[in-house]
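Chain and residue survey
Here is how the chains run, residue by residue.
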Amino acid sequence: MVAPLKLGLAGLGTVGAAVVRLLAGQREALEVRCGRAIEVVAVSARSRVKQRPIDIGNMRWVADPVALATDPEIDVFIELIGGEGDPAKRAVEAALTSGKSVVTANKALLARHGVALAQLAEQQHVALNFEAAVAGGIPIVKTLREGLVGNELARIYGILNGTCNYILTRMEQEKLSFAECLKDAQRLGYAEADPSFDVDGHDTAQKLAILASLAFGTRVDPNSVYIEGISSIAPADLDAADGLGYRIKLLGVAVPTDRGIEQRVHPTMVPKDSAIAQVMGVTNAITVDADAVDAITLVGPGAGGMATASAVVSDIGDIARGVRTAPFGRPSARLVRSEKAPMQRHEGGYYIRLLAVDRPGTFATIATRLAEQQISIESIVQRHPGVRPHGGDNPASVAEPVPVILITYATTEDAVRKALAAVESDQVISGKPQVIRIEKN
Ligand SMILES: NC(=O)c1ccc[n+]([C@@H]2O[C@H](COP(=O)([O-])OP(=O)(O)OC[C@H]3O[C@@H](n4cnc5c(N)ncnc54)[C@H](OP(=O)(O)O)[C@@H]3O)[C@@H](O)[C@H]2O)c1
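Counting starts from 1 at the beginning of each chain's written sequence and moves along it residue by residue. For this predicted model, a pLDDT threshold of at least 70 governs which residues receive local features, and a threshold of 80 or more governs which side-chain atom pairs are given and counted, while totals over whole chains, interfaces and linings are taken from all residues. The side-chain figures draw on all heavy atoms in the structure; neither hydrogens nor water molecules are used.

To continue, consider the nonpolar core. Side chains that are nonpolar tend, in soluble globular proteins, to be buried together. Put simply, a nonpolar core is a bunch of buried Ala, Val, Leu, Ile, Met, Phe, Trp, Tyr and Cys residues held in one set by side-chain atoms that sit within 4.5 Å of each other. Working definition: with a 1.4 Å probe on protein chains only, accessible area under 20% of the residue-type maximum means buried, over 50% means exposed, and in between means partly exposed. Core analysis: the largest hydrophobic core is formed by 82 residues, its most contacted members being Phe77, Ile140, Leu144 and Ile167. Where helices and strands are cited, they refer to DSSP runs of H or I of at least four residues and of E of at least two residues respectively, numbered from the N terminus. Sorting elements by how many residues they give to this core places helix 10 (residues 202-216) first, with 9 residues. Contacts are assigned to residue pairs that have any heavy atoms within 4.5 Å of one another. Ignoring sequence-local partners within four residues, the contact set of Ile167 consists of Phe178, Cys181, Leu182, Ala185, Val199 and Ile230. Counting residues in each nonpolar core, the second largest holds 33 residues, with Leu30, Ala311, Ile316 and Ala320 among its members.

See the structure below:
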């Protein structure tokens, strides 16, 4: 008879409460699958008196999560408090130092301190599992760390933030502005009161840094990620993308190049027939280009109590079975320093939307500036502005600028920026050009 695996669980919020519920609901099945019973013996949260949707009557209450982390009765510490600082950090360090395995859903902690925590776990010969930290219920960590261990990976990219995908989906389908969709996302609880962490791309960057480490062996470092958010995307861009056979998604992309591992987060045009383009609303998805298995895409819920609990329980199940893998899929001493990708040298196709001044010679000037930078145009769409509010047929009326959309063949970011700076200084466009990178299948 194998003794039950005893858990100490800190954090009884959305995820913590769902984990308690899932472990109780799957108790017998988990015992059969993992070969031993799994029991939550002690819990910790901020408030002892708060009403909770779960029964914790038979679990010991430990007020201090750090004390719970080293409690002699527990085998494994489950950290579901969140945040890159204390008490989550101190509690996880204390658990690992005292030789206890840790399961966490905390992307912020891992993005900031992942390598140091992995070193500590390896020194102590214990597990540090974090399936739930990236893309909630999607088992992408296990897929990269174990399922694809025999593959060389060429690229990993994905929709890692449900809030942004929800906003872009609504903008595209209902032709609404970014501000309107953000307000709705906040009303429905998909976006925080301060949405900047999500919509400016930082949440995606933290998750991407963790994925890049698993996929390419870089030291987790969100500061190495180039970041652009979605607030500049206009309905006109989504409309133009649609006409050209693309959708716009906020992607996190990690790809090895001859300049190191490029890690970037930005609005991206993806071909409409790609797997990632089909992913709508708050759903997350990740595509991995691997040499032996080819491209695979995992799609599923990136957040939510039960979906995230599913990932946490999977990590607990591994520990119950005695399965332990290096946290980032290789010894932390073998992780390589990641350099911030110099985006000027990024290569790919570009979508450019300009408001061209309606006078003879404008197009020739734009074409010359692009040619000077060896940029070839794959397609060009000129949208006539239609009704002119300043005078209709009167030839003396003010000419409205003409929206022009260009799709380039593969070029460099540096070339695009230089060409557009020249076009701006030639004063043949009105306002700032919109530039969106294209990611091919
Ligand atoms: N929610 C999701 O869909 C989701 C998805 C993926 C990953 N995650 C990650 O999962 C973790 C938990 O998220 P969540 O949504 O469950 O958060 P949450 O609902 O805000 O719950 C946080 C829990 O931590 C407790 N807590 C906060 N500060 C504490 C402190 N100083 N000492 C002790 N306990 C403290 C809270 O106690 P009280 O209940 O007493 O206030 C609460 O039970 C985070 O790392 C998050 O990034 C969440």
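Moving on: the layout of surface pockets. The volume enclosed by the largest pocket comes to roughly 1,300 Å³. Counting residues per element, the ones that place at least two in the lining of the largest pocket are helix 1 (14-25), helix 5 (107-123), helix 7 (162-174), helix 9 (196-199), helix 10 and helix 12 (305-321). Gly is placed with the polar residues, together with every amino acid not listed as nonpolar (Ala, Val, Leu, Ile, Met, Phe, Trp, Tyr, Cys and Pro) or charged (Asp, Glu, Lys and Arg). Grouping the amino acids of the lining of the largest pocket by side-chain chemistry returns 22 nonpolar, 18 polar and 10 charged. Site definitions follow a grid-based scheme: protein atoms alone, a 1 Å grid, a 1.4 Å probe that fits but cannot get out for cavities, and for pockets an open set with protein on both sides within 12 Å along at least five of seven lines, plus lining residues having an atom within 4 Å of a point. Grid points are joined across faces, edges and corners, and a volume is the space filled by probe spheres set on the points.

Taken together, 22 residues lie around the ligand, and Leu12, Val15, Ser47, Arg52 and Gly304 are the ones closest in. Any N or O atom pair separated by 3.5 Å or less is treated as a polar contact, with the protein-specific requirement of one donor-capable and one acceptor-capable atom, and with residues adjacent in sequence counted only for side-chain atom pairs. Contact distances for the ligand include 3.0 Å between an oxygen atom and a backbone N or O atom of Gly13. Within the side chain of Arg52, one N or O atom sits 2.8 Å away from an oxygen atom of the ligand. Only the protein chains shown count as covering a residue, and every accessible area follows the Shrake-Rupley method with a 1.4 Å probe. Expressed as a share of its isolated accessible area of 910 Å², the protein-covered part of the ligand is 77%. Among the detected pockets, the ligand sits in the largest pocket. The criterion for a residue being near a molecule or strand is simple. One of its heavy atoms has to lie within 4 Å of it. Cavities and pockets are treated as containing a molecule whenever more than half of the molecule's atoms lie within 2 Å of their grid points.

With respect to the helices, strands and loops of the structure, Leu298 is situated in strand 12 (residues 294-301). When its relative accessible area of 15% is taken as the criterion, Leu298 is described as buried. In sequence terms Leu298 and Ile286 are 12 residues apart; their C-alpha atoms lie 5.3 Å from each other. Filtering out sequence-adjacent residues up to four positions away, Leu298 remains in contact with Ile138, Pro139, Ile140, Thr143, Asn284, Ala285 and Ile286.

Confidence in the prediction of the protein chain, expressed as mean pLDDT, is 94, and 97% of residues score 70 or more. Counting interchain partners and residues more than four positions distant, the pLDDT-below-50 stretch residues 387-397 has 9 contacts. The predictor attaches a confidence to each residue, called pLDDT, with possible values from 0 through 100.

What follows covers the sheet that holds strand 2 (residues 38-44). What links the strands of a sheet is backbone hydrogen bonding, and the strands pair in either a parallel or an antiparallel sense. Paired strands are those between which DSSP finds at least two bridges. Pairing is parallel in the open sheet, where 6 strands are placed in the order 3-2-1-4-5-6. Of all the strands in the sheet, just strand 3 (60-61) and strand 6 (128-129) have a single pairing partner and so form its edges. Judged from the 2 bridges that link them, strand 2 and strand 3 form a sheet pairing that is parallel. Pairing of Val43 across the sheet is with Trp61, part of strand 3. Across the sheet, helix 4 (residues 88-97) lies against strand 4 (76-79) and strand 5 (101-104), angled at about 165° from strand 4, the strand it touches most. Only the stretch in contact is used when a helix axis is fitted, and all axes are lines through C-alpha atoms; the angle between N-to-C directions ranges over 0 to 180 degrees.

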